[in-house]
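Now for the letters of each chain:
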Amino acid sequence: MIQVEHLTKLYGPKTAIADVSFSVEKGEVLAFLGPNGAGKTTTMRILTASLPATSGSAKIAGYDCFDQPKEVKRLIGYLPEVPPLYTEMTVTEYLTFVGRIKGIEPERLPVALDQVIERMSLGEVRGRLIANLSRGFKQRVGLAQALIHDPPVLILDEPTVGLDPKQIIEIRQLIRELAGARTIILSTHILPEATAVAKRVVIINDGRIVAEDTQEQLSARLRRSEKVSLTLKHPPLDVQDHLLALPGVLSVRQEGHTFLVEAELGRDLREDLGRTAVQKDWGLLELKLVAMTLEDVFLRLTQHEEGVEAQP
Amino acid sequence: MSPVGAIVRKELHTYFVSPVAYVVAFVFLLLTGLLSFLAIATTSNRSMQLLRAQGDLPNLNLNEFVFRPVFYNMAVVLLLVVPILTMRLLAEEKKLKTMELLVTSPVTITDIVVGKFVAALTVLAGMLALSAVAPVALAPFAEFRWPPILTGYLGVLLMGGLFLSAGLLGSSLTENQIIAVILSFGALLLFWLFGWAGQVFDGTALGKVLSYLSPLDHFEQLVKGLVETKDLVYFIAGIIFTLFLTHRVIESQRWR
Ligand SMILES: Nc1ncnc2c1ncn2[C@@H]1O[C@H](COP(=O)(O)OP(=O)(O)O)[C@@H](O)[C@H]1O
Ligand SMILES: [Mg+2]
């Protein structure tokens, strides 16, 4: 349903995203996870056919986001980071206007309006001015705006940002209910949100995709460990056994003369490894702590959410 | 409904919900009404003087002595109030981040610009229609010719339309409505003054260009009852060109 290939966007000299590729199947929910400034919004704006990419291509249902913007815009519902609300309108007036510019036929509009108000539970506030609504209701009006024309593709940019825990749970529940026939891509900088809502997660950092995984494998990777890279000039054949015998070592992976030694969390192996290599005269060439990009990224993500996790 | 229609309706709704349209129309009608009254009073004083001096009632030309100055005054009042009418149109879409909604919907930037312009023009036309109560009320009591009045209104509408397009351009350049007003008003005044500068450099090529660029000479022809293609072309081309510039500004903001 969504194909993104080698997408790059420069803002002047600044690279916002570089060589981003991923795809989303019809009916799939994909989370776009990354810290602030990673390039999530930029990617999504390109997908909405409102921002031209510098190079690469993005397609929705086979339509090119740059060459066929009208077709693309008909297929998508988009909730930007800041919900685009005309605060001096009532909920009904606002959604009626949105319905019109989304191209809903006048005779179908009242039905579409009632459906989306029902679905987003906006009945009690439909006659109220948007300016006077709570943050949670405003976000639901924002979602209603993205849904009123019943688009097959939903693009939601940080849909729970700025909400309180109860509202966050409600919005996530709504998003889960919307999945099914719809293809949904949502961005977040909150790790538990990605795994709570989506089956598949694409992780972006500094404008590049650093990992793409299912929810289960992602959680497995989260069990972090310390890794040290060791390069030896003349390692003996049984070097792996020697290394595994050291206290705290979990695994050893060999690539030529370089060994990737994984240890328990919180244990720095460099001293032990260095002493052993010198004593046994393996010809120590290099010894360094490996910084895993993915783990770096995880460190910059929001790992926990106060008040949300405890509740169902 | 066409996208342009949807945008026109939304803008008209906003004009009348926030009292901007009422306030602007009220100020416009009050000022033009007052200025019309002054013009009529001056004219009747003059006819009284002539009556005393000559002993019979002179046939003063109402078109020339009343309506023509009123049209000039209307244009000056429009110079002041049109930027107020247009300041919100694009600046607020950016401030509220609702531009994001418009540009991700199946509407083109042309739809947006044209829809906003037509909505503002509708408010302007409504104001002018209300001001037309004056000549209609005068008609039974006074003798004047209608054609120059109709062409005068055409002139005011075209001039107002040109001002509106400039105001829309000003509003596209910023998300601050006050700055939008200042930009629009400054640009309008500048073009207005071109007319004056044209007289200073009268007879030179520069003078010709300046006079041509200013709306004043073109407006004057219409107020005098002379409808000529070149003046109509000036206004219509000016409006289209300014709206085109507005389109370019919005388009370029999308790339950043
Ligand atoms: N309009 C812009 N002009 C210049 N730089 C921008 C603009 N928008 C975003 N950026 C930069 O591009 C990078 C990616 O931004 P963004 O896509 O908004 O990230 P995210 O949504 O993941 O927080 C950031 O470094 C940001 O500063
Ligand atoms: Mg963002």
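Report follows, based on the coordinates. Nothing here was measured: the structure is a model prediction, and the numbers come from that model.

Conventions we followed
- Numbering of residues begins from 1 in every chain and follows the order in which that chain's sequence is written.
- Labels follow written order: the first chain is A, the first ligand is 1, and so on.
- Per-residue local features of the predicted model are confined to residues with pLDDT of at least 70, and side-chain atom pairs are confined, for both listing and counting, to 80 or more; whole-chain, interface and lining totals are unaffected and use all residues.
- As a rule here, side-chain values cover all heavy atoms of the structure and leave hydrogens and water aside.
- Per the convention used, a helix needs a DSSP run of H or I reaching at least four residues, while a strand needs a run of E reaching at least two, with both numbered from the N terminus.
- Throughout this description, buried means an accessible area under 20% of the type-specific maximum (1.4 Å probe, protein chains only), exposed means over 50%, and partly exposed covers the range between.
- Throughout, a contact is declared for two residues whenever any of their heavy atoms are within 4.5 Å.
- Using a 1.4 Å probe, the Shrake-Rupley method yields the accessible areas, and only the shown protein chains count as cover for residues.
- In this scheme, strands are said to pair when DSSP sees at least two bridges between them.
- Working convention: axes come from line fits to C-alpha atoms, limited for helices to the stretch in contact. Angles between N-to-C directions cover 0 to 180 degrees.
- Buried area is a sum: the accessible area each of two parts loses on coming together, probed at 1.4 Å, counted once for each and added.
- In what follows, salt bridge is the name for a side-chain nitrogen of Lys or Arg lying within 4 Å of a carboxyl oxygen of Asp or Glu.
- In the analysis that follows, any N or O atom pair within 3.5 Å is treated as a polar contact, provided that within protein one partner can donate a hydrogen and the other can accept it, and provided that, for residues neighboring in sequence, both atoms belong to side chains.
- Gly falls in the polar group here, along with every residue not listed as nonpolar (Ala, Val, Leu, Ile, Met, Phe, Trp, Tyr, Cys, Pro) or charged (Asp, Glu, Lys, Arg).
- In this scheme, roughly parallel covers angles under 35 degrees and roughly antiparallel covers those over 145, while 65 to 115 is roughly perpendicular and the rest are oblique.
- A clockwise turn of the near helix away from the far one marks a right-handed crossing, whereas an anticlockwise turn of less than a right angle marks a left-handed crossing.
- Counted as coordinating are nitrogen, oxygen and sulfur atoms within 2.8 Å of the metal, or 3.2 Å for Na, K and Ca, while water is not included, which may make sites look incomplete.

Describing the overall build of chain A
So, point 1. A tally of helices and strands in chain A yields 11 helices and 14 strands.
So, point 2. In chain A, buried positions account for 52% of the 312 residues.
So, point 3. By sequence separation, contacts in chain A at least 24 residues apart represent 68% of the contacts at least 6 residues apart.
So, point 4. Carbon and sulfur atoms form 50% of the exposed surface of chain A, whose accessible area is close to 14,000 Å².

Thoughts on the sheet that holds strand β10 (residues 208–214) of chain A
All names here are of chain A.
So, point 1. The strand order across the open sheet built from six strands is β6-β7-β8-β3-β9-β10, with neighbouring strands paired in mixed fashion. The open sheet has two edge strands, β6 (76–79) and β10, and neither has a second partner. Recorded for the sheet is a direction-independent mean angle of 15 degrees between the axes of neighbouring strands.
So, point 2. Sheet topology note: the strand β7 (residues 153–157)/strand β8 (residues 183–188) ladder contains five bridges and is parallel. Each residue of the ladder has a partner; that of Leu-154, found in β8, is Ile-184.
So, point 3. Sitting on the sheet, helix α1 (residues 40–47) touches β3 (29–33), β6, β7, β8 and β9 (200–205), and the angle it makes with β8 is about 155 degrees.

Looking at the interface of chain A and chain B
So, point 1. At the interface, 31 residues of chain A touch 26 residues of chain B.
So, point 2. For the pairing of chain A and chain B, the buried interface totals around 2,600 Å² over both sides, and the portion due to carbon and sulfur atoms is 62%.
So, point 3. Contact with chain B buries surface across chain A, with A:Tyr86, A:Arg100 and A:Ile101 losing the most and accounting together for 25% of the total.
So, point 4. Taken together, the links from chain A to chain B amount to one salt bridge.
So, point 5. Across the chain A-chain B interface, the total number found is six residue pairs in polar contact (both at pLDDT 80 or more).
So, point 6. Only β1 (2–11), α2 (69–75), β6 and α3 (91–101) of chain A provide two or more residues apiece to the side of chain A that touches chain B.
So, point 7. Examining the composition of the side of chain A that touches chain B, we find that six residues originate from one element, α3(A), more than from any other.
So, point 8. Class assignment for the residues of the side of chain A that touches chain B results in 18 nonpolar, four polar and nine charged.

Description of the pattern of salt bridges
So, point 1. Enumeration according to the criterion identifies 21 salt bridges over all chains in this entry.
So, point 2. In this structure, A:Glu212 engages A:Arg200 in a salt bridge whose closest nitrogen and oxygen atoms are separated by 2.2 Å. Taken together, the residues span a long stretch of sequence, with A:Glu212 in strand β10 and A:Arg200 in strand β9 at a distance of 12 residues.
So, point 3. Since its relative accessible area comes to 38%, A:Glu212 is described here as partly exposed.
So, point 4. Salt bridges here are not isolated pairs; linked through shared partners, they connect B:Lys10, B:Glu11, B:Arg88, B:Glu92, B:Glu93 and B:Lys116.

Focus on the packing of α3(A) against helix α5 (residues 135–147) of chain A
All names here are of chain A.
So, point 1. Between α3 and α5, the least distance of the axes is 9 Å, while the angle of their chain directions is 25 degrees. For the element pair α3 / α5, the angle class is roughly parallel. Considering the relative orientation of α3 and α5, their crossing is right-handed. Within the contact between the two elements, α3 uses Val-91, Tyr-94, Leu-95 and Val-98 and α5 uses Val-141, Ala-144 and Gln-145.
So, point 2. Partitioned by chemical class, the residues of the contact of α3 with α5 number six nonpolar, one polar and no charged.

Focus on the coordination of the magnesium ion (ligand 2)
Ideal coordination angles are 109.5 degrees for a metal with four donors arranged tetrahedrally and 90 or 180 degrees for a metal with six donors arranged octahedrally.
Residues and elements named next belong to chain A.
So, point 1. The protein atoms that coordinate the magnesium ion (ligand 2) are Thr-41 (OG1) and Glu-81 (OE), at distances spanning 2.0 to 2.7 Å. Of this pair, Thr-41 sits in helix α1 while Glu-81 sits in the loop between β6 and α3, placing them 40 residues apart in sequence.
So, point 2. Note on Thr-41: relative accessible area 25%, which makes it partly exposed.
So, point 3. Judged by relative accessible area, Glu-81 falls into the partly exposed class, the value being 34%.

A look at the packing of helix α7 (residues 146–172) of chain B against helix α11 (residues 229–254) of chain B
All names here are of chain B.
So, point 1. Packing of α7 against α11 leaves a shortest axis separation of 9 Å and a crossing angle of 15 degrees. One way to sum up the angle between α7 and α11 is to call them roughly parallel. Once α7 is placed against α11, the crossing between them reads as left-handed.
So, point 2. Residues that form the contact of α7 with α11 fall into these classes: 16 nonpolar, seven polar and no charged.

Honestly, that's just the spatial picture; any functional story needs more than this.
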